[in-house]
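# A look at the structure
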Amino acid sequence: MSRIGKLPVAIPAGVDIKIEDGNVITVKGPKGTLTRKMADDMNIAIEDGQVVVTRPNDLKRSKSLHGLTRTLINNMVIGVTQGYEKTLEINGVGYRAAKSGKKLTLSLGYSHPVEMTDPEGIETVVEGTNKIIVKGIDKEKVGQFAAEIRTKRPPEPYKGKGIKYADEYIRRKVGKTGKK
């Protein structure tokens, strides 16, 4: 039995979950609404204030989807109640971020500023000039947009310059030494 898949997902107060045919799940909460189509061969049911996911058989595919389906539903519930956020830090002389409307402008040492527009359902907040917070209710979209921002200038191992996640550790390398 899947350790994660067998756990029920508690439905907090103020959250409404609808399961339509074809395993389309709609989760409505105080922060918004999320809809997602789950795998057809999973059995999803609401039993006394909890969402229970069961698998029809013990095939490898069913076992794989069991925990995944439960986690996706749980992420939707957390998203519409608390929301998700990722924090990015910019390190480097002259590297900075600015926000105007829905446009995020990054100065990353290139000959031109890098401009990015917030996708729908995602909000970016710039604190100071070197901290970017990506917020939203969909965990997948928040993580994806944060990763896209990071790819504009990933951190390098010698001086640590670039855009990194706040909780990311950069393994540093020793630079070249002079020949004697």
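Above: the structure in question.
About the cut-offs
Residues numbered from 1 in each chain as written. Predicted model: local features only at pLDDT ≥ 70, side-chain atom pairs only at ≥ 80, totals over all residues. Heavy atoms only, no water. Salt bridge = Lys/Arg side-chain N within 4 Å of Asp/Glu carboxyl O. Helix = DSSP H or I, 4+ residues; strand = E, 2+ residues; numbered from the N terminus. Buried < 20%, exposed > 50% of the residue type's maximum accessible area, 1.4 Å probe, protein only. Polar contact = N/O pair within 3.5 Å; in protein donor to acceptor, adjacent residues only side chain to side chain. Contact = heavy atoms within 4.5 Å.

## Details of the pattern of salt bridges
Under the defined criterion, the tally for this structure stands at ten salt bridges. Across the pair Glu140 and Arg36 runs a salt bridge whose closest N-O atoms are separated by 3.1 Å. Pair noted here: Glu140 is in helix α2 (residues 139-151) and Arg36 is in strand β4 (residues 32-37), with a separation of 104 residues, a long-range link. Assessed through its relative accessible area of 52%, Glu140 is described here as exposed. Here Lys131 makes a salt bridge to Glu127, at a shortest N to O gap of 3.9 Å. The exposure class of Lys131 is partly exposed, given its relative accessible area of 30%.

## Topic: unusual backbone geometry
Positive phi values are uncommon outside glycine, yet Asn23 reaches one of about 55°. With respect to the element layout, Asn23 can be found in the loop between β2 (16-20) and β3 (24-29). We classify Asn23 as buried; its relative accessible area is 12%. One non-glycine residue, Asp48, lies in the positive phi region at around 30°. Tracing the backbone shows Asp48 in the loop between β5 (43-47) and β6 (50-54). Asp48 gets classed as exposed once you look at its relative accessible area, which sits at 72%.

## Considerations on the side chain of Lys164
Structurally, the position occupied by Lys164 is in strand β13 (residues 162-165). A polar atom in the side chain of Lys164 sits 3.4 Å from the backbone oxygen of Glu168. Sequence-distant contacts of Lys164, that is, excluding residues within four places in its chain, are made with Thr87, Leu88, Glu89, Asn91, Arg150, Pro155 and Ile170.

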